[in-house]
Amino acid sequence: MRASCVLLCFLMFLAVSSAYPGKKKQYKPCKELVLYFHDIIYNGRNAANATSAIVAAPEGANLTILAGQFHFGNIVVFDDPITLDNNLHSPPVGRAQGMYIYDTKNTFTSWLGFSFSLNSTEHHGTISFIGADPIMVKTRDISVVGGTGDFFMHRGVATIATDAFEGEVYFRLKVDIKFYDCW
Amino acid sequence: MRASCVLLCFLMFLAVSSAYPGKKKQYKPCKELVLYFHDIIYNGRNAANATSAIVAAPEGANLTILAGQFHFGNIVVFDDPITLDNNLHSPPVGRAQGMYIYDTKNTFTSWLGFSFSLNSTEHHGTISFIGADPIMVKTRDISVVGGTGDFFMHRGVATIATDAFEGEVYFRLKVDIKFYDCW
Amino acid sequence: MRASCVLLCFLMFLAVSSAYPGKKKQYKPCKELVLYFHDIIYNGRNAANATSAIVAAPEGANLTILAGQFHFGNIVVFDDPITLDNNLHSPPVGRAQGMYIYDTKNTFTSWLGFSFSLNSTEHHGTISFIGADPIMVKTRDISVVGGTGDFFMHRGVATIATDAFEGEVYFRLKVDIKFYDCW
């Protein structure tokens with residue numbers, strides 16, 4: 001009896017301790033993905049290549065030039081190719097779709113609402129992001145609020161870095177997606 | 001002493017094992033709701049009936065006709081009735097409120113950000129959705145990112161299907177909401 | 001042996017019972033924050049003070065006056081100061097950044113998508129919100145869908161109240177953020 005109690009205790013100890021890593025909320029990602037996306041904004045002359053467009057602007061601004069005061073008030077809609085590396089011409093593994101809003105008058109910040117639609121041999125599914133993006137900061141964290149397909153119910157944090165910025169027409173973001181809740 | 005240890009072990013065993021089902025993340029929904037919502041887009045002549053309106057458009061487009069290139073760049077704001085069946089004239093159980101953005105230049109896709117405000121004898125609360133919607137695909141999954149009231153803290157996945165599509169003025173979506181995290 | 005089993009039992013009991021409060025989904029917040037934010041909408045004459053601007057409007061409306069029909073179809077982009085009390089002139093502890101959309105034709109409701117960027121001695125991080133806001137109701141709940149920094153992976157519900165409303169130019173919201181999932 002005594003021995004079986006000890007055994008039971010031991011098994012429960014294993015159960016409890018093995019339960020912890022999975023159950024206890026971890027600060028180590030359960031999955032990680034590093035992807036790049038490429039935004040070419042429409043400027044009135046690049047219709048063939050543009051992947052995004054200004055669709056709303058504050059009073060007095062237009063839809064082919066980002067607004068004067070740190071672009072405050074511009075809403076940009078995008079459908080940008082996602083690649084595994086930083087080369088715009090690499091085969092895309094999906095599309096980044098949604099919008100960004102320039103939302104500050106005295107510096108460059110934006111608010112992001114978008115989804116990754118991944119469709120490659122490695123990943124099939126969507127990942128949705130929301131968050132404030134203080135563009136001038138080297139790396140900034142936004143929230144991964146949901147997923148479908150391979151990313152069913154996932155949540156996490158994505159660290160964004162501006163990997164390239166060419167004039168007001170092209171930029172490339174590096175997105176390091178760390179999922180902490182993987183299902 | 002020995003007996004009480006065994007008893008304690010047993011109680012703890014119950015505690016641990018009963019903890020598992022609630023804790024382990026399930027792939028079977030803990031709650032499911034199938035609802036329809038109805039969108040009548042303003043076209044300049046249907047102000048009385050319209051439930052949505054184009055409020056942003058790309059350069060050269062206007063606010064009464066969806067833009068030419070697969071509606072790329074249109075933002076539509078909506079307040080659509082939700083019904084339990086596919087009949088526009090059924091008593092509404094709530095309102096679908098938010099926006100959709102047409103975000104692709106070479107096919108119809110949109111990005112959705114909206115909430116259901118349910119207010120009926122059966123349900124009272126809100127459900128919020130985010131996601132990419134590849135409209136031409138028969139069923140597509142978006143993320144249920146939060147809820148309030150009866151749907152306090154809920155998360156899940158919603159499967160959307162275009163249940164009717166009449167010209168560029170009326171469409172009806174069937175939304176099969178599966179909650180996997182119910183609280 | 002018996003004693004060590006009892007000890008082990010006891011330690012495990014502590015482990016299990018201390019594990020529960022953190023694991024079991026609670027209806028008591030694990031963290032709570034009450035903050036205020038202040039919105040001064042641009043009306044064509046207050047460029048120096050304005051913290052928000054109309055950037056999209058329905059057909060026939062303009063970008064300096066909220067649209068006629070309960071502002072239906074207006075999208076407002078904002079970068080509003082957050083304070084600990086209801087005084088606009090208190091030192092800000094961060095910025096509320098994002099957008100609101102007026103989305104109903106026969107009453108005042110909006111749809112909110114925004115983030116708090118907190119940066120004070122007490123809090124550093126972001127909190128992201130999504131939800132339907134039936135403005136005329138005294139208090140309304142929206143979803144807290146994610147967080148970063150001090151609010152890493154947090155989820156919860158925020159109760160919003162209009163704390164002041166002065167003409168169509170200034171309003172102040174009291175936001176009572178209750179986190180139920182704190183990590």
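Look above for the structure.
Residues numbered from 1 in each chain as written. Chains lettered and ligands numbered in written order. Predicted model: local features only at pLDDT ≥ 70, side-chain atom pairs only at ≥ 80, totals over all residues. Heavy atoms only, no water.

J.: I would appreciate a short explanation of the packing of aromatic side chains in the present structure.
T.: One pair of aromatic rings is described through two measures. These are the centre distance and the angle between the planes. Applying the stated rule across the entire model yields 47 aromatic pairs over all chains. With a centroid separation of 6.1 Å and an interplanar angle of 90 degrees, the aromatic rings of F152(B) and W183(B) are classed as edge-to-face. In this pair, F152(B) sits in the loop between strand 7 (139-149) and strand 8 (155-166) while W183(B) sits in the segment after strand 9 (170-181), placing the two residues 31 residues apart along the sequence. Overall, the relative accessible area of 16% leaves F152(B) in the buried class. Three or more aromatic residues link up through ring pairs in this structure, and these residues are F37(A), F78(A), Y100(A), Y102(A), F114(A), F116(A), F129(A) and F171(A). (Phe/Tyr/Trp six-rings, centres within 6.5 Å; stacked < 30°, edge-to-face > 60°. Helix = DSSP H or I, 4+ residues; strand = E, 2+ residues; numbered from the N terminus. Buried < 20%, exposed > 50% of the residue type's maximum accessible area, 1.4 Å probe, protein only.)

J.: Would you explain the pairing of strand 8 of chain B in this entry?
T.: Residue and element names in this part refer to chain B. Pairing of strand 7 with strand 8, which is carried by six bridges, proceeds in the antiparallel orientation. Note on strand 8: the bridge partner recorded for T139 is A161. Hairpin remark: strand 7 followed by strand 8, antiparallel, with five residues in the connecting loop; positive phi at M153, about 65 degrees. Taken together, the eleven bridges between strand 8 and strand 9 define a ladder with antiparallel strand orientation. Paired with R155 across the strands is D181, a residue of strand 9. Counted between consecutive antiparallel strands, the loop separating strand 8 from strand 9 contains three residues, among which G167 sits at a positive phi close to 55 degrees. (Pairing = 2+ DSSP bridges.)

J.: I would appreciate a short explanation of the environment of L88(C) in the present structure.
T.: Residue and element names in this part refer to chain C. Looking at the element boundaries, L88 is found in the loop between strand 3 (75-83) and strand 4 (94-102). Relative accessible area serves as the criterion here: at 27%, L88 is assigned to the partly exposed category. With 52 residues separating them in the primary sequence, L88 and Y36 have C-alpha atoms 8.8 Å apart. When near neighbours in sequence (up to four residues on either side) are disregarded, L88 contacts H38, I40, P81, T83 and Y170. (Contact = heavy atoms within 4.5 Å.)

J.: Please explain the environment of V93(A) as it appears in this structure.
T.: Residues and elements named next belong to chain A. In this fold, V93 is placed in the loop between strand 3 (75-83) and strand 4 (94-102). With 28 residues separating them in the primary sequence, V93 and T121 have C-alpha atoms 8.5 Å apart. Here V93 is in contact with L35, I82, T83, L84, S117, L118, N119 and S120, once residues within four sequence places are set aside.

J.: Would you mind showing me how to read the nonpolar core here?
T.: Where a protein is soluble and globular, its nonpolar side chains tend to be buried together. Formed by 39 residues in total, the largest nonpolar core has its most connected members in I75(A), M99(A), I75(B), M99(B), I75(C) and M99(C). Residue contacts for M99(A): discarding those within four places in its chain leaves I75(A), V76(A), V77(A), F78(A), W111(A), L112(A), G113(A), F114(A), M99(B), I101(B), W111(B) and M99(C). (Core = buried A, V, L, I, M, F, W, Y, C linked by side-chain atoms within 4.5 Å.)

J.: What exactly am I supposed to notice about the pattern of salt bridges here?
T.: Pairing is possible between side chains that carry opposite charge, provided their charged atoms lie close to one another. Summed over the entire model, instances satisfying the criterion amount to twelve salt bridges over all chains. Note that R172(B) is salt-bridged to D163(B), the shortest N-O span being 2.8 Å. By relative accessible area, which is 32% here, D163(B) ends up partly exposed. R140(C) is the salt-bridge partner of D133(C), the closest N and O atoms lying 2.5 Å from each other. The exposure classification of D133(C) matches that of R140(C), with both residues buried. (Salt bridge = Lys/Arg side-chain N within 4 Å of Asp/Glu carboxyl O.)

J.: Just checking my understanding: could you explain the side chain of R172(C) for this structure?
T.: All names here are of chain C. The residue R172 is located in strand 9 (residues 170-181) in this model. Looking at R172, its side chain comes within polar contact range of the main-chain oxygen of N86, at 3.1 Å. Once residues lying within four places of it in the same chain are set aside, the contact partners of R172 are Y36, F37, H38, N86, A161, T162, D163 and A164. (Polar contact = N/O pair within 3.5 Å; in protein donor to acceptor, adjacent residues only side chain to side chain.)

J.: Would you explain the state of the cysteines in this entry?
T.: A disulfide bridge is the covalent bond that connects two cysteines by way of their sulfur atoms. All names here are of chain A. Evaluated as defined, the whole model comprises three disulfides over all chains. Two residues share a disulfide in this structure: C30 and C182, whose sulfurs sit 2.1 Å from each other. Because the sign of the S-S torsion sets the handedness, a value of about 90 degrees for the bond joining C30 and C182 places this disulfide among the right-handed ones. With C30 in the loop between helix 1 (2-23) and strand 1 (31-40) and C182 in the segment after strand 9 (170-181), this pair connects stretches of sequence that are 152 residues apart. C182 sits in the buried class, given a relative accessible area of 12%. (Disulfide = S-S within 2.5 Å.)

J.: Help me understand the pairing of strand 5 (residues 110-119) of chain B, please; the structure alone is not making it clear to me.
T.: The side chains of a regular strand alternate between the sheet's two faces. All names here are of chain B. For strand 5, the tally of buried residues reaches eight of ten residues, placing the bulk of the element in the interior. Where strand 4 (residues 94-102) lies against strand 5, nine bridges are found, and the strand directions are antiparallel. Looking across to strand 5, one finds that Y100 is bridged to L112. Here ten bridges tie strand 5 to strand 6 (residues 124-133), and the two strands are oriented antiparallel to one another.

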